[in-house]
Amino acid sequence: MRNRLIHAYFDVDLDAPSGTDTRITVLNTGAAAVLTKVTVWSDAAVPVLNFNLYLTGYDVQSFDLRAVLAGNLPGTATAGQDPDDAIS
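All values reported here derive from a predicted model rather than from experimental measurement. (Residues numbered from 1 in each chain as written. Predicted model: local features only at pLDDT ≥ 70, side-chain atom pairs only at ≥ 80, totals over all residues. Heavy atoms only, no water.)

1. Points about the packing of aromatic side chains
Stage number 1. Per the counting criterion, the structure on display carries one aromatic pair.
Stage number 2. Measuring from centroid to centroid gives 5.7 Å for F51 and F63, while their planes differ by 80°, and the two rings are edge-to-face. Highlighted residues: F51 in strand β3 (residues 47–55) and F63 in strand β4 (residues 60–64), separated in sequence by 12 residues. For the residue pair F51 and F63, the accessibility class agrees, reading buried in each case. (Phe/Tyr/Trp six-rings, centres within 6.5 Å; stacked < 30°, edge-to-face > 60°. Helix = DSSP H or I, 4+ residues; strand = E, 2+ residues; numbered from the N terminus. Buried < 20%, exposed > 50% of the residue type's maximum accessible area, 1.4 Å probe, protein only.)

2. A word on the pattern of salt bridges
Stage number 1. Across all of its chains, the model carries two salt bridges by this definition.
Stage number 2. Of the charged contacts in the structure, one is a salt bridge between R66 and D21, with a shortest N-O distance of 3.8 Å. Of this pair, R66 sits in helix α1 (residues 65–69) while D21 sits in the segment before β1 (23–27), placing them 45 residues apart in sequence.
Stage number 3. By relative accessible area, which is 28% here, D21 ends up partly exposed. (Salt bridge = Lys/Arg side-chain N within 4 Å of Asp/Glu carboxyl O.)

3. Topic: the confidence of the model for the chain
Stage number 1. When pLDDT is averaged across the chain, the result is 82; 88% of the residues are at 70 or more.
Stage number 2. Averaged over each element, pLDDT in the chain is lowest for strand β2 (residues 34–41) (88) and highest for β4 (90). (pLDDT = per-residue confidence, 0-100.)

4. Looking at the nonpolar core
Stage number 1. Counting residues in hydrophobic clusters, the biggest one holds 11 residues: V12, I24, V26, V38, V40, F51, L53, L55, F63, L65 and V68.
Stage number 2. Those elements that place two or more of their residues in this core are β1, β2, β3 and α1.
Stage number 3. Take this core: its biggest share by element is three residues, from β3.
Stage number 4. Contacts of V38, omitting those with residues within four sequence positions, involve L49, N50, F51, L53 and F63. (Core = buried A, V, L, I, M, F, W, Y, C linked by side-chain atoms within 4.5 Å. Contact = heavy atoms within 4.5 Å.)

5. A look at the pairing of β4
Stage number 1. Because side chains alternate across β4, one face comprises the buried residues Q61 and F63, and the other comprises V60, S62 and D64, none of which is buried.
Stage number 2. In the sheet, β1 pairs with β4 via five bridges, with the strands oriented antiparallel. If you follow V26 over to β4, its bridge partner there is Q61. (Pairing = 2+ DSSP bridges.)

6. What about the environment of T39?
Stage number 1. Among the structural elements, T39 can be located in strand β2.
Stage number 2. Assessed through its relative accessible area of 32%, T39 is described here as partly exposed.
Stage number 3. For the pair formed by T39 and F51, sequence separation is 12 residues and the distance between their alpha carbons is 6.7 Å.
Stage number 4. Each residue touching T39, except ones within four places of it in the same chain, is listed here: P47, L49 and N50.

Shown next, in the form of structure tokens:
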């Protein structure tokens with residue numbers, strides 16, 4: 001099964017440290033773990049960045065797009081890699 005999440009609009013100011021930012025939250029509503037591919041597209045319909053999020057059952061992952069576009073990707077791990085839920 002392939003799921004898609006589309007966040008139609010975001011605004012990020014990369015030039016100002018406290019400028020405009022958009023926070024995205026992704027939620028796994030099922031008990032089974034899923035690997036989710038996130039792709040950030042520009043306003044010119046060009047993929048700018050993509051990365052994977054591993055979500056365990058009923059997991060929630062939030063991230064700021066400013067941080068992601070600056071190279072700070074959210075850390076996620078499988079239940080086996082992170083048994084104490086310290087990473088995700």
